Amino acid sequence: MNEPRFPARSSAWRPLLLGLACVAAAVAAGGCTSISYYAQAAHGQFSLLAQARPFDDWINDPDAKASLKTKLETVREIRRFAVAELGLPDNGSYKTYAQLDRPFVLWNVVAAPELSLKAHQWCFPVAGCVDYRGYYSQQAAQAYGDQLQQQGYDVQVVGVPAYSTLGWFNDPVISTFINYPDGELARLIFHELAHQTVYARDDTPFNEGFAVAVEEIGVERWLAARHDDKMIEAYRRFDARKQEFLALLDKYRDKLADNYDSDASDADKRRRKQQIFDELRAEYAQVKAQRWNGYAGYDRWFAMPLSNAHLALVGAYHDMVPAFKELFARSSGFPDFYARVRQLAAMDKPARHAALGDPLPDPAPAGRRKDRKAERTPL
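Attention here is on the structure that accompanies the text. Because the structure is predicted, anything quoted here is derived from the model rather than measured. (Residues numbered from 1 in each chain as written. Predicted model: local features only at pLDDT ≥ 70, side-chain atom pairs only at ≥ 80, totals over all residues. Heavy atoms only, no water.)

What follows concerns the environment of Asp261. Along the chain, Asp261 falls in helix α8 (residues 229–261). By relative accessible area, Asp261 is classed as buried at 14%. Sequence spacing of Asp261 and Ser116 is 145 residues, and the spatial spacing of their C-alpha atoms is 8.8 Å. (Helix = DSSP H or I, 4+ residues; strand = E, 2+ residues; numbered from the N terminus. Buried < 20%, exposed > 50% of the residue type's maximum accessible area, 1.4 Å probe, protein only.)

Shown next, in the form of structure tokens:
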């Protein structure tokens with residue numbers, strides 16, 4: 001996901017008007033809580049747009065750091081490659097930079113029931129239903145997360161370095177991710193531009209699987225075009241660790257799912273749940289020490305007590321990636337690939353997943369797997 005800037009072909013009032021429209025939608029949905037939530041979203045978005053300045057302003061600024069100027073030039077190269085080689089949108093996104101005074105652009109609240117890995121969903125006027133709820137204030141996100149915990153949910157409040165406005169605004173580069181290694185920077189930009197290319201309402205696994213496939217294919221080609229063996233090797237090491245980490249999470253997702261689907265009592269499921277998370281921590285420490293030479297890049301993920309919320313979105317981002325890569329391999333190039341994905345996005349959700357070879361699970365019988373169905377809160 002990514003950030004904002006003043007739109008290239010509309011007035012600076014457009015963000016404010018969209019924000020007011022969101023607040024009006026919240027009023028229609030009912031409740032002061034909804035009004036407050038959309039008001040903070042509109043204010044946060046408008047504030048981000050107001051802080052973005054064109055790259056040249058920063059590059060020509062004698063007070064700007066040389067390292068920042070170098071990174072902005074790198075982003076320009078990434079942006080040109082995205083358009084010329086990956087067929088991604090040639091618009092005003094990632095041509096401005098915003099310097100923020102916080103480590104993340106926003107914080108997402110992710111929630112799941114105590115004995116389920118099914119993420120709670122929230123529904124919004126533009127984006128549809130998604131598996132998280134974002135706040136521009138960490139304090140506000142944590143306060144909402146605390147409310148959900150009091151209702152019995154497992155909750156994770158996670159910082160987000162970037163998000164996509166799906167083409168509504170020209171998303172800028174921001175300080176929350178500008179210092180990523182070049183390969184990671186390219187990956188993130190390709191991912192967010194992919195969200196501007198195709199988006200299916202109410203289908204997080206489809207949207208994220210598509211964007212991750214584009215980022216992975218794109219980074220591989222971008223690195224090859226750079227002819228920098230040292231950078232390629234560094235990224236491959238990074239990616240190998242990431243894939244190993246995801247495989248570790250998948251292993252323990254399966255263990256938790258088997259536990260929750262078992263006929264054991266809820267008390268026994270709770271005890272087994274804690275055992276599984278303890279086993280996950282122990283195996284991560286072993287992998288880190290024995291295979292990664294102490295690499296600590298995923299320590300932040302383990303910084304808080306683990307819960308279902310930590311694992312609820314893992315599958316949403318990665319389970320459908322192989323299917324999208326297979327579809328790309330059958331396509332004549334990126335334009336054909338995007339056309340095929342748009343056709344899928346136009347289908348209803350079950351047909352879309354079936355066409356990708358990933359059919360949605362059958363409805364649960366009464367009394368079984370009920371906790372793994374989506375819970376939606378229209379806001």
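And the narrative resumes.
A few words now on the pattern of salt bridges. With the rule as written, the count across this model stands at 27 salt bridges. One salt bridge in this structure joins Arg226 and Glu77, with 3.7 Å as the shortest N-O distance. In this pair, Arg226 sits in helix α7 (residues 204–226) while Glu77 sits in helix α4 (residues 66–86), placing the two residues 149 residues apart along the sequence. The shortest N-O distance in the salt bridge between Arg226 and Asp182 comes to 3.8 Å. Of the two residues, Arg226 is situated in helix α7 and Asp182 in helix α6 (residues 182–197); the sequence distance between them amounts to 44 residues. On the basis of relative accessibility, which here comes to 18%, the residue Asp182 falls in the buried class. Connected via shared salt-bridge partners are Glu184, Arg187, Glu215, Glu216, Asp239, Lys242 and Lys325. (Salt bridge = Lys/Arg side-chain N within 4 Å of Asp/Glu carboxyl O.)

Further remarks concern the packing of α4 against α7. Between α4 and α7, whose axes approach to 11 Å, the crossing angle comes to 115 degrees. In terms of orientation, α4 and α7 fall into the roughly perpendicular class. Where α4 crosses over α7, the handedness of that crossing is right-handed. For the pair α4 and α7, the contacting residues are Thr74, Glu77, Ile78, Phe81 and Leu86 in the first and Gly218, Arg221, Trp222, Ala225 and Arg226 in the second. Among the residues forming the contact of α4 with α7, the class breakdown is 5 nonpolar, 2 polar and 3 charged. (Axes fitted to C-alpha atoms, helices over the stretch in contact; angles between N-to-C directions. Parallel < 35°, antiparallel > 145°, perpendicular 65-115°, else oblique. Left-handed = near helix turned anticlockwise from the far one by under 90°. Contact = heavy atoms within 4.5 Å. Nonpolar A, V, L, I, M, F, W, Y, C, P; charged D, E, K, R; others polar.)

A word on the layout of surface pockets. A probe as big as a water molecule, rolled over the atoms, marks out the empty space that is left. A volume near 1700 Å³ is recorded for the largest pocket. For the lining of the largest pocket, the secondary-structure elements that each account for two or more residues are β3 (106–112), α5 (138–150), β7 (154–160), α6, α7, α8, α10 (308–312) and α11 (314–318). Ranked by residue count, the leading element in the lining of the largest pocket is α8, at 9 residues. In terms of residue class, the lining of the largest pocket is built from 30 nonpolar, 10 polar and 8 charged. (1 Å grid on protein atoms, 1.4 Å probe; cavity = no way out; pocket = protein on both sides within 12 Å on 5 of 7 lines; lining within 4 Å. Points joined across faces, edges and corners; volume = space filled by probe spheres on them.)

Our next topic: the environment of Phe206. In this structure, Phe206 sits in helix α7. Among all residues touching Phe206, those that are not within four sequence positions of it are Val198, Ala200, Met320, Phe324, Val341, Leu344, Ala345, Arg352, His353 and Leu356.

Turning our eyes to something else, we now look at the sheet that holds strand β2 (residues 96–98). With mixed pairing, 3 strands are arranged side by side in an open sheet as β1-β2-β8. For this open sheet the edge positions go to β1 (53–54) and β8 (173–174), each flanked by a neighbour on one side alone. In this sheet, β8 lies alongside β2 in parallel orientation, the contact comprising 2 bridges. In the sheet register, Ala98 faces β8, and the bridge partner there is Ile174. (Pairing = 2+ DSSP bridges.)

Right, let's talk about the side chain of Thr165 for a bit. Note that Thr165 resides in the loop between β7 and β8. Looking at Thr165, its side chain comes within polar contact range of the main-chain oxygen of Phe169, at 3.3 Å. (Polar contact = N/O pair within 3.5 Å; in protein donor to acceptor, adjacent residues only side chain to side chain.)

Quick look at the nonpolar core now. One finds Phe190, Phe206, Phe210, Phe324 and Phe337 to be the most contacted residues of the largest nonpolar core, which totals 63 residues. The dominant element in this core, judged by the number of residues it contributes, is α7, at 10 residues. Setting aside its immediate chain neighbours within four residues, Phe210 contacts Ala194, Val198, Phe324, Phe337, Tyr338 and Val341. Trp107, Val109, Phe124 and Leu313 belong to the second-largest nonpolar core, a separate cluster that totals 23 residues. (Core = buried A, V, L, I, M, F, W, Y, C linked by side-chain atoms within 4.5 Å.)

Further remarks concern the sheet that holds β3. In space, the 3 strands of this open sheet follow the order β6-β3-β7, with antiparallel pairing throughout. The sheet is open, and its two edges are formed by β6 (133–135) and β7, each paired on a single side. Each strand axis lies, on average, 25 degrees off the axis of its neighbour in the sheet, ignoring direction. Note that β3 and β7 share 7 bridges and pair antiparallel.

This part covers the packing of aromatic side chains. Applying the stated rule across the entire model yields 30 aromatic pairs. Centre to centre, the rings of Phe328 and Phe337 are 5.3 Å apart; their planes meet at 90 degrees, and the pair counts as edge-to-face. By relative accessible area, which is 13% here, Phe328 ends up buried. Take Phe337: its relative accessible area is 0%, and that puts it in the buried class. Over the ring of Tyr144 we find Arg133; its NZ or CZ atom is 4.2 Å from the centre of that ring. Lying across the ring of Tyr295, Arg241 places its NZ or CZ 3.7 Å from the centre. (Phe/Tyr/Trp six-rings, centres within 6.5 Å; stacked < 30°, edge-to-face > 60°. Lys NZ or Arg CZ within 6 Å of the ring centre and 35° of its normal.)

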